[in-house]
Amino acid sequence: MDYFYYTYKHNHIDFSSHIYKVSTYHYNWHGETEILILLKGRIEMSCNSEVFTMEPLDSIIISPQVGHATLALEQDTTALVIHVGKDFFQQFDPNFGMYQFVIRSDKSNRHNPFFTSLRHHAAMMMLIKSNGESPINQMWLEHHYLALASEVYDEIDAVKSIHGKPVDMTVATFDKMIAYIDKNYQQKIELEDIAQIGGYNVNYTSQFFKRQLGVSFLEYVLRLRLREATVRLANSTDSVAHIASDCGFADIKAFNVSFKKHFHTTPSEYRKQAKELGRKTKLHDWKEIISTQEQDIIRILESFVPYHDDLQYKVELDKANQKLQTVKKQLKSVVEKL
């Protein structure tokens, strides 16, 4: 069975892409430019010290070395992600490693020409890859990738800011803190432990943590525990009590309360819904990658394909309206002369 998980490297082109079920929570801080398009459901995104909600069809483009994390707010939330190789843009713009940017859509602009085109090219890339390997598929894949990358860079160029240098000691230190939490979240962890790793006092560590992630230290640890719990509920037959204990919760009551607060359902109901949905997925790096046989996902991707006609229609409509306004002005001028 094939899944929507691909890597591609040819000459100067370098990217990876996947479609996954957003049920897990994981903090990301990497060297690639990330493009995320939400296909189904709603997510809470923590990015660049800001927390916001993304709706279906919303997109976000995040620069390298900007921390971000997602948490599903609905069952069966699904996203398409493309990671642009960390050296790709730098081949054309040597200063790219010093840029910082976050570009995202909302209800005011998710259907504008840029985000519409972004969805089109991203969908075409996934559909072409799922259609198998051939010389013509490879040519069309690179065509859509380069079109997407050039349009993304044009948007980046308009909003980029310089953050001084690609990597600094603060980032490296924070990475060590995150790595420790990611490894030990199933155990009892105190903020004092994290402060000691960073070499800072507890108050500064708490403030810095909130500033970097948009959530507190305790909230981050909680989300990691919920992350593992959602995966195990959907992919194992372990009892709810056993999962709660293994994921670091003090007792099943604390687990149930936290789970319902974040997912608006009980762990048992979540598991039942996951089984009923019957998604064909495979686990990769804590992500449930979606099968290429999932027809509703294919239909969503295909709905992004015919965008040129829509844009052309809007262009023609704008031209017609402009002509109509011109005629109205001419008629008004004639009437005034009479």
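Thresholds, definitions, all that
- All residue numbers refer to position in the chain's written sequence, counted from 1.
- Note on the predicted model: pLDDT of at least 70 is required for a residue's local features to be given, and 80 or more for side-chain atom pairs to be given and counted; whole-chain, interface and lining totals, by contrast, use all residues.
- To get the side-chain values, take all heavy atoms of the structure and skip hydrogens and water.
- When DSSP finds at least two bridges between two strands, those strands are taken to pair.
- Going along the chain from the N terminus, every DSSP run of H or I of four or more residues is numbered as a helix, and every run of E of two or more is numbered as a strand.
- Here an angle of 0 to 180 degrees is reported between the N-to-C directions of two axes, which are lines fitted to C-alpha atoms, with helices fitted over the stretch in contact.
- In what follows, residue pairs with any heavy atoms lying within 4.5 Å of each other are defined as contacts.
- The rule is simple: put a 1 Å grid over the protein atoms alone, call a set of points where a 1.4 Å probe fits but cannot get out a cavity, call an open set with protein on both sides within 12 Å along at least five of seven lines a pocket, and count a residue as lining if it has an atom within 4 Å of a point.
- Grid points are joined across faces, edges and corners, and a volume is the space filled by probe spheres set on the points.
- Any Lys or Arg side-chain nitrogen found within 4 Å of a carboxyl oxygen on Asp or Glu counts as a salt bridge.
- Exposed residues in this analysis have more than 50% of their type's maximum accessible area, buried residues have under 20%, and partly exposed residues fall in between, with area computed by a 1.4 Å probe over protein chains only.
- Oblique is the label for any angle not under 35 degrees, not over 145, and not in the 65 to 115 range, which are roughly parallel, roughly antiparallel and roughly perpendicular in turn.
- Side-chain classes are defined by residue name, with Ala, Val, Leu, Ile, Met, Phe, Trp, Tyr, Cys and Pro counting as nonpolar, Asp, Glu, Lys and Arg as charged, and the others, Gly among them, as polar.

Draft legend 1. Highlighting the sheet that holds strand E5 (residues 50–54). Strand order across the open sheet formed by 3 strands is E5-E4-E7, with antiparallel pairing between neighbours. The open sheet has two edge strands, E5 and strand E7 (68–72), and neither has a second partner. When the angles between neighbouring strand axes are averaged without regard to direction, this sheet yields 20°. Bridge count for strand E4 (residues 43–47) against E5 is 5 bridges, and the pairing is antiparallel.

Draft legend 2. Inspection of the environment of Phe96 at higher detail. The residue Phe96 is located in the loop between helix H1 (88–92) and strand E9 (99–100) in this model. As a C-alpha pair, Phe96 and Lys86 span 10 residues in sequence and 9.5 Å in three-dimensional space. Other than its neighbours up to four places away in sequence, Phe96 contacts Thr33, Pro64, Phe89, Gln90, Phe101, Tyr153 and Ile156.

Draft legend 3. Spotlight on empty space enclosed by the protein. Per the counting criterion, the structure on display carries 2 cavities of 30 Å³ or more. Lining the largest cavity we find Tyr8, Ile128, Lys129, Gly132, Glu133, Asn137, Gln138 and Leu141. Among the secondary structure elements, those contributing two or more residues to the lining of the largest cavity are helix H2 (113–130) and helix H3 (135–159). Of the residues forming the lining of the largest cavity, the biggest block, 3 residues, is contributed by H3.

Draft legend 4. Up close: the pattern of salt bridges. The final tally for this structure, using the stated rule, is 14 salt bridges. Two residues, Glu44 and Arg223, come together in a salt bridge whose shortest N-O distance is 2.5 Å. Of the two residues, Glu44 sits in strand E4 while Arg223 sits in helix H7 (residues 217–235), which places them 179 residues apart along the sequence. With respect to burial, Glu44 and Arg223 carry one shared label: buried. Among the ionic pairs, Glu219 bridges to Arg223, the shortest N-O distance being 2.9 Å. Highlighted residues: Glu219 and Arg223, both in helix H7, separated by 4 residues, approximately one helical turn.

Draft legend 5. How the structure looks around the packing of H7 against helix H9 (residues 252–263). Here H7 crosses H9 at 90°, and the two axes come no closer than 11 Å. Between H7 and H9, the angle is such that the two are roughly perpendicular. Across the interface between the two elements, Glu219, Leu222, Arg223, Leu226, Ala229, Thr230 and Leu233 of H7 pack against Phe255, Ser258, Phe259, His262 and Phe263 of H9. Of the residues assigned to the contact of H7 with H9, the class counts are 7 nonpolar, 3 polar and 2 charged.

Draft legend 6. Molecular detail of the pairing of E7. Most of E7 is tucked away, with 5 of its 5 residues classed as buried. Burial along E7 is two-sided: His68, Thr70 and Ala72 and Ala69 and Leu71, pointing in opposite directions, are all buried. As paired elements, E4 and E7 share 5 bridges and run antiparallel to each other. In the strand pairing of E7, Met45 is matched with Thr70.

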